[in-house]
Number of protein chains: 4
Amino acid sequence: MPAPTAEARIRVRYAETDQMGVVYHANYVVWFEVGRVELLRSIGLPYKQLEAEGILIAVAEVNARYKRPARYDDEIAVRTTVKQVRGSIIRIGYQVVRVGDEELLCEGETVHVVIDREFKRASLPEAYAARMAGE
Amino acid sequence: MPAPTAEARIRVRYAETDQMGVVYHANYVVWFEVGRVELLRSIGLPYKQLEAEGILIAVAEVNARYKRPARYDDEIAVRTTVKQVRGSIIRIGYQVVRVGDEELLCEGETVHVVIDREFKRASLPEAYAARMAGE
Amino acid sequence: MPAPTAEARIRVRYAETDQMGVVYHANYVVWFEVGRVELLRSIGLPYKQLEAEGILIAVAEVNARYKRPARYDDEIAVRTTVKQVRGSIIRIGYQVVRVGDEELLCEGETVHVVIDREFKRASLPEAYAARMAGE
Amino acid sequence: MPAPTAEARIRVRYAETDQMGVVYHANYVVWFEVGRVELLRSIGLPYKQLEAEGILIAVAEVNARYKRPARYDDEIAVRTTVKQVRGSIIRIGYQVVRVGDEELLCEGETVHVVIDREFKRASLPEAYAARMAGE
């Protein structure tokens, strides 16, 4: 099976703009999270449920490359793909595009470590890892 | 004793501006919290310690009146005063001014309810309530 | 005609929670703005277009009363109503409810002043004011 | 001359935490900006002045690696260094440490492009570039 992919839609909030007249760059990192959450939901592993089971997915690394500015009231699609699941490490990729003209605004990756409630490194249950890897 | 008062200093972040070229209004509500935290620290009741003791101070109401816009890189003073402490209810007042010209930018109040870890209404220990009321 | 009313839907982001395990209170003020923007769009006056025409709607006052906490991943409806349009002043009301159990989480009002690009007080064009007042 | 370096101090706000009980990861990207702004100020090029002169410094890339969680009310130091200035490209590095135990919490880099008010690629005036490069 191919790696899971999902799309989340976002309408740019006024709060997310800055005085340059475009979306402030740290907000794309929040949008990555919105994409990730929809990805997990789409494979039947809503993050809320994972947390309730004591499976936390901490962020170890964020990389973002900005191509074009998003603007107030733009409709945005965050396209999210699982890149790799190995042991307690998960890599996820993102493309942020403007709906309508399909302009690529930003792309990036995040690396995650699975931890337990005491913040100790843990492993995903095998069935979850398989689902996340698209197996 | 007079009601406790404290001043917190903030430098406006680029992230806090919006495309109108001024500080986005919801950020003043965050600044009120910065002021409140300094007020509690100044009377020897750091909020971190209160939380560790199971004393949570939830926000029940926020009122803010905007007078003049704050701008990027302005240095801001948040002046915070305890207005009332009665049972589980605490009222706090705020004045947000620009350092330098002393321009009043925003003023407001928050109302709080003391709760415990299960989010049940609780009372401040008497000694804490007295200190907060300036007695 | 009745006063214009609109509903916006929001999925609570992890970024919007705080260490109390609930949505941080200043985010409701951002959600009010999301509701306001949908209200304006629903009456054919998208705020983006107003700004392009040099009609800015500044926030003069915010009041919010918190009833129940919203939590991560909750689906939220922001129901927004025009309360009053008079001269350059606009009053808008909000109810924030959780979709599903219809629990009222927060209600509030904002007061706005219409200004021009130089931040001088201005009036809405009559046709716009009428539409906003539901006339 | 060595590359310019500066330190900014931040007190972690309650608003910056999430329900994992630690600072939400996107906030470090905001803190990088706080560090960058202090760095520019320290070399006599406050960003506010640059913007007024029509010299905008857009963010082209952000990389952050998270080591340890910051917590509410921690005092944080953001140590910022210019890594490279070449043509319209500026690279900046960051270390975020907790004051007191000097624990390294996060490190990262940003890449910037100098642009003008029309968002066209531009160059720093030579004197500014030299100052930024520590020459």
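Please read these numbers as outputs of a predicted model, since none were measured by experiment.

Cut-offs used in this document
Numbers given for residues are sequential positions, taken from 1 along each chain in its written order. Chains carry letters and ligands carry numbers; both start at the beginning, A for chains and 1 for ligands, and go up in the order they are written. In view of the model being predicted, local features appear only for residues whose pLDDT reaches at least 70, and side-chain atom pairs are presented and counted only at 80 or more, with totals across whole chains, interfaces and linings using the full set of residues. Note: side-chain values were computed over all heavy atoms of the structure, leaving out hydrogens and water. A run of DSSP states H or I qualifies as a helix once it reaches four residues; a run of E qualifies as a strand once it reaches two. Both are numbered from the N-terminal end. As defined in this context, the radius of gyration uses C-alpha atoms, and a globule is described by 2.2 Å times the residue total to the power 0.38. The buried label applies to any residue whose accessible area, calculated with a 1.4 Å probe on protein chains only, is under 20% of its type's maximum; exposed applies above 50%, and partly exposed to all values in between. What makes two residues a contact is simply this: any of their non-hydrogen atoms within 4.5 Å. All accessible-area figures derive from a Shrake-Rupley calculation using a 1.4 Å probe, and residue coverage is judged against the displayed protein chains alone. Charged residues are defined here as Lys and Arg on the positive side and Asp and Glu on the negative side; His and the ends of the chain fall outside this count. To locate a charge, the coordinates of NZ of Lys, CZ of Arg, CG of Asp or CD of Glu are taken. For this analysis, a salt bridge means a side-chain nitrogen from Lys or Arg found within 4 Å of a carboxyl oxygen belonging to Asp or Glu. Our superposition of the copies is a least-squares fit, built on the C-alpha atoms of residues whose pLDDT is at least 70 in both. Strand pairing is defined by DSSP finding a minimum of two bridges between the two strands. As used here, buried area is the combined drop in accessible area, with a 1.4 Å probe, of two parts when they are placed together. Residues adjacent in sequence count toward polar contacts only when both atoms are side-chain atoms; beyond that, a polar contact is any pair of N or O atoms within 3.5 Å, and within protein one must be able to donate a hydrogen and the other to accept it. Under the convention used throughout, the expected extent of a helix is 1.5 Å for every residue step, that is, one less than its residue count. Inter-axis angles, ranging from 0 to 180 degrees, are taken between N-to-C directions of lines fitted to C-alpha atoms, where helices are fitted over the stretch in contact. Any two rings among Phe, Tyr and Trp, with Trp reduced to its six-membered ring, count as a pair given centres within 6.5 Å; such a pair is stacked if its planes are under 30 degrees apart, edge-to-face if over 60, and tilted if neither.

A tally of helices and strands in chain A yields 3 helices and 5 strands. Secondary structure elements of chain A occur, N-terminal to C-terminal, as β-α-α-β-β-β-β-α. Relative to the compact-globule value of 14 Å for 135 residues, chain A shows a C-alpha radius of gyration of 15 Å, a close match. Here the C-alpha coordinates of chain A stretch approximately 45 × 35 × 20 Å along the principal axes. Out of the 135 residues in chain A, the part that is buried amounts to 58%. A separation of at least 24 residues holds for 66% of the contacts in chain A among residues at least 6 apart in sequence. For chain A, the exposed surface amounts to about 5500 Å²; the carbon and sulfur share of it is 48%. Of the side-chain charges in chain A, 19 are positive and 20 negative, and the distance between the mean point of each set is 2 Å.

This structure, assessed with the given rule, holds 60 salt bridges over all chains. Here Arg41 of chain D and Glu38 of chain D are joined by a salt bridge, their closest N and O atoms 3.1 Å apart. Of this pair, Arg41 of chain D and Glu38 of chain D both sit in helix α1 (residues 26-42), 3 residues apart, which is roughly one turn of that helix. A relative accessible area of 24% places Arg41 of chain D in the partly exposed class. Residue class for Glu38 of chain D comes out partly exposed when judged on its relative accessible area of 23%. Among the ionic contacts, a cluster of salt bridges with common partners joins Lys48 of chain A together with Arg68, Asp74, Arg98, Asp101 and Glu103 of chain C.

So, on to the relation of the copies chain B and chain A. Placing chain B over chain A gives an RMSD of 0.0 Å and needs a rotation angle of 180 degrees, together with 0.0 Å of translation along the axis. Both copies are brought into coincidence by an operation consistent with a two-fold rotation axis. Both copies present the same face, since 100% of the interface residues in chain B are matched by interface residues at the equivalent positions in chain A.

Strand β2 (residues 56-66) of chain D sits mainly inside the fold: 9 of its 11 residues count as buried. Pairing geometry for strand β2 (residues 56-66) of chain A and β2 of chain D, over 5 bridges, is antiparallel. From the neighbouring strand, Val62 of chain A faces β2 of chain D, where its bridge partner is Ala64 of chain D. Bridge analysis of β2 of chain D against strand β5 (residues 104-115) of chain D gives 10 bridges, and the strand direction is antiparallel. Considered in β5 of chain D, the bridge of Tyr66 of chain D is made with Cys106 of chain D.

Across the boundary between the two partners, chain A contributes 25 residues, which contact 25 residues of chain D. Buried surface at the junction of chain A and chain D, both sides included, amounts to about 2000 Å², of which 61% is carbon and sulfur. It is Met20, His25 and Phe119 of chain A that lose the most area in chain A upon contact with chain D, and together they represent 27% of the buried surface on that side. Connecting chain A to chain D are 0 salt bridges. For the pair chain A and chain D, the number of links is 8 residue pairs in polar contact (both at pLDDT 80 or more). Contributions of two or more residues to the side of chain A that touches chain D are made by α1 (26-42), α2 (47-52) and β2 of chain A. Counting residues per element, the side of chain A that touches chain D draws most heavily on β2 of chain A, which supplies 10 residues.

Take Val96 of chain A: it is sitting in strand β4 (residues 89-98). Discounting residues that sit within four places of it in the chain, Val96 of chain A has contacts with Tyr28, Trp31, Phe32, Ile76, Ala77, Val78, Glu103, Leu104, Leu105 and Cys106 of chain A.

Residue and element names in this part refer to chain D. Between its terminal C-alpha atoms α1 stretches 25 Å, which fits the 24 Å expected from 17 residues at 1.5 Å a residue. The buried fraction of α1 is high, at 14 of 17 residues. Remark: Gly44 follows α1 within two positions and exhibits a positive phi of approximately 80 degrees.

If you walk across this open sheet you meet the 10 strands as β1(A)-β3(A)-β4(A)-β5(A)-β2(A)-β2(D)-β5(D)-β4(D)-β3(D)-β1(D), and the pairing is antiparallel. A single partner strand is all that each edge strand has here, and the edge strands are β1 (5-11) of chain A together with β1 (5-11) of chain D. Each strand of the sheet is rotated relative to its neighbour by a mean of 25 degrees, with strand direction disregarded. When β1 of chain D meets strand β3 (residues 75-86) of chain D, the two strands line up antiparallel, connected through 7 bridges. What sits directly across from Glu7 of chain D, in β3 of chain D, is Arg79 of chain D.

Turning to the packing of aromatic side chains, a few remarks are in order. Under the defined criterion, the tally for this structure stands at 24 aromatic pairs over all chains. On the numbers, 5.7 Å between centres and 65 degrees between planes, the contact of Tyr14 of chain B with Tyr47 of chain D is edge-to-face. With Tyr14 of chain B in the loop between β1 (5-11) and α1 (26-42) and Tyr47 of chain D in helix α2 (residues 47-52), the pair connects residues from two separate chains. Residues Tyr28 of chain B and Trp31 of chain B carry aromatic rings whose centres are separated by 4.9 Å and whose planes lie at 55 degrees to one another, so their mutual orientation is tilted. Taken as a pair, Tyr28 of chain B and Trp31 of chain B lie in helix α1 at a separation of 3 residues, close to a single helical turn. According to the relative accessible area criterion, Tyr28 of chain B is buried, its value standing at 2%. Since its relative accessible area comes to 0%, Trp31 of chain B is described here as buried. Among the aromatic residues, ring-to-ring pairing joins Tyr14 and Tyr72 of chain A together with Tyr47 of chain C into one connected group.

In short, geometric facts, not functional conclusions.
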